[in-house]
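Remarks on the overall topology
Next come the chains, spelled out residue by residue.
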Amino acid sequence: MFKNSLKRNNGFSEQLSPERKKQLLSFSRGLSISFKNLELLEQAFHHRSVSNEMPGSVSHKNNERLEFLGDAVLGMAVATYLYETMGDKQEGDLARIKSVVVSEMTLAPIAVQIGVDTCLVLGKGEELSGGRKKKAILADAVEAVIGAYYLDSGYPAAERLVLELIVPEIEKVLLNKHHRDFKTLLQEYYQKTHKSCPVYELVKRDGPDHDRTFWITVHLGDDTYGPAAGKNKKEAEQAAAEIAWKAVAPPLSTKL
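Now for a look at the structure at hand.

1. Quick word on the overall build of the chain
- Assigned secondary structure in the chain consists of 13 helices and 3 strands.
- Residues counted as buried form 43% of the 256 residues belonging to the chain.
- Of the contacts made within the chain by residues no fewer than 6 positions apart, 58% connect residues no fewer than 24 positions apart.

2. Describing helix α6 (residues 91-101)
- All buried positions along α6 are accounted for by Leu94, Ile97, Val100 and Val101. Along the axis of α6, the buried positions cluster into a sector of 130°, meaning they face one direction only.
- The secondary structure elements touched by the buried residues of α6 are α5 (64-85), α7 (104-114) and α11 (155-174).

3. Some points on the layout of surface pockets
- Empty space within the second largest pocket amounts to approximately 340 Å³.
- Around the second largest pocket, the lining is made up of 17 residues, and of these Arg48, Glu126, Lys134, Lys231 and Asn232 lie nearest the centre.
- For the lining of the second largest pocket, the element with the highest residue contribution is helix α10 (residues 135-153), accounting for 4 residues.
- Per-class residue counts for the lining of the second largest pocket are 3 nonpolar, 3 polar and 11 charged.

4. Remarks on the sheet that holds strand β1 (residues 199-206)
- One open sheet accounts for 3 strands, arranged β1-β2-β3; its pairing is antiparallel. Of all strands in the sheet, those with a lone pairing partner are β1 and β3 (223-230), marking the two edges. Neighbouring strand axes in the sheet, compared pairwise and without regard to direction, differ in orientation by 20° on average.
- Direction of pairing for strand β2 (residues 213-220) relative to β3: antiparallel, over a ladder of 6 bridges. Bridged to Ile216 within β3 is Ala228.

5. Remarks on the environment of Gln43
- Summarising the element assignment, Gln43 is placed in helix α3 (residues 38-44).
- For Gln43, a relative accessible area of 2% translates into the label buried.
- Residues Gln43 and Val145 lie 102 residues apart in sequence; the distance between their C-alpha atoms is 8.7 Å.

6. Things to note about helix α2 (residues 18-30)
- With 13 residues, α2 extends 18 Å from end C-alpha to end C-alpha; this agrees with the ideal 18 Å at 1.5 Å per step.
- Listed as buried for α2 are Arg20, Leu24, Phe27 and Ser28. Buried positions in α2, seen along its axis, are confined to an arc of 100° and lie on one side of it. When the buried face of α2 is taken as reference, the exposed residues oriented beyond 90 degrees from it are Pro18, Glu19, Lys22, Arg29 and Gly30.
- Buried residues belonging to α2 abut α3, α7, α8 (116-119) and α10.
- After α2 finishes, the residue Ser32 shows a positive phi value of roughly 60°.

7. Things to note about the packing of α5 against α11
- Here α5 crosses α11 at 65°, and the two axes come no closer than 9 Å. The crossing of α5 and α11 is right-handed. In contact with Val73, Leu74, Met76, Ala77, Val78, Tyr81 and Leu82 of α5, α11 contributes Tyr155, Ala158, Glu159, Val162, Leu163, Ile166, Val167, Ile170 and Glu171.
- Within the contact of α5 with α11, the residues separate by chemical class into 14 nonpolar, no polar and 2 charged.

8. Thoughts on the packing of aromatic side chains
- Overall, the coordinates contain 3 aromatic pairs when judged by the stated rule.
- Judged by centre distance (5.1 Å) and plane angle (90°), the ring pair of Phe27 and Phe45 falls under edge-to-face. Pair noted here: Phe27 is in helix α2 and Phe45 is in the loop between α3 and α4 (48-52), with a separation of 18 residues, a long-range link. Comparing Phe27 with Phe45, the two get one shared label, buried.
- On the numbers, 5.4 Å between centres and 55° between planes, the contact of Phe35 with Tyr149 is tilted. With Phe35 in the loop between α2 and α3 and Tyr149 in helix α10, this residue pair connects regions lying 114 residues apart in the sequence. When sorted by exposure, Phe35 lands in the same class as Tyr149, which is buried.
- Seen from the ring of Tyr200, Lys183 lies directly overhead, with NZ or CZ sitting 5.0 Å from the centre.
- If you follow Lys204 out to its NZ or CZ, it ends over the ring of Trp215, 4.7 Å from the centre.

What counts, and where the lines are drawn
Residues numbered from 1 in each chain as written. Predicted model: local features only at pLDDT ≥ 70, side-chain atom pairs only at ≥ 80, totals over all residues. Heavy atoms only, no water. Helix = DSSP H or I, 4+ residues; strand = E, 2+ residues; numbered from the N terminus. Buried < 20%, exposed > 50% of the residue type's maximum accessible area, 1.4 Å probe, protein only. Contact = heavy atoms within 4.5 Å. Arc of directions from axis to C-beta. 1 Å grid on protein atoms, 1.4 Å probe; cavity = no way out; pocket = protein on both sides within 12 Å on 5 of 7 lines; lining within 4 Å. Points joined across faces, edges and corners; volume = space filled by probe spheres on them. Nonpolar A, V, L, I, M, F, W, Y, C, P; charged D, E, K, R; others polar. Pairing = 2+ DSSP bridges. Axes fitted to C-alpha atoms, helices over the stretch in contact; angles between N-to-C directions. Expected span 1.5 Å × (residues − 1). Left-handed = near helix turned anticlockwise from the far one by under 90°. Phe/Tyr/Trp six-rings, centres within 6.5 Å; stacked < 30°, edge-to-face > 60°. Lys NZ or Arg CZ within 6 Å of the ring centre and 35° of its normal.

This is how it looks when you write it as structure tokens:
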């Protein structure tokens, strides 16, 4: 009853063109899923930059609420899978694996793989600034799709979708072939070896508001690495951390 109420009151009404409907159906078939309410899937692809450009914009005209919901479904499905299949792992190991596979660095490539990037609906400014390739936007849209599918078809179906997407990424982590979170790796290594934390410094930002580039260095004691650039501070910090990590970490410390 609660789920049905959510479905009726998602607050999004979009007249789908035949071409758009065909695109959404093709996307769904690629994942071997189907939506009873295609408007939910359509909303999952609407970035906030679209609603921001509309007069009297409101948050329910974009995918942020679905992203919030999908993040919770994703976390629950992954945590349950890890708990049930990895009885030999301690809590800390499970947490580290989970943090990798639900991260932006993992979800963004998945988004491209399943065609999220081609389905995104962006505002003009975001489109012109390369938003279709931004990791944060892609990862958020994956979570929004999961949230939309949960509302449309229920948790068991959404869990199956999550595991189909994420279990291969878990296997990569176990084989040490995953995308690494260099900021976390650097912090754990430096805390262990020097009892201190890396310090990140924003040294420059340039470009217009809709297309900023951030330049960040990371300080390890008296040593400085970077600057490295990114389209947001988080991305620039990751890039700076990667430079530092490759300079200071011994080869064997790349293991999870």
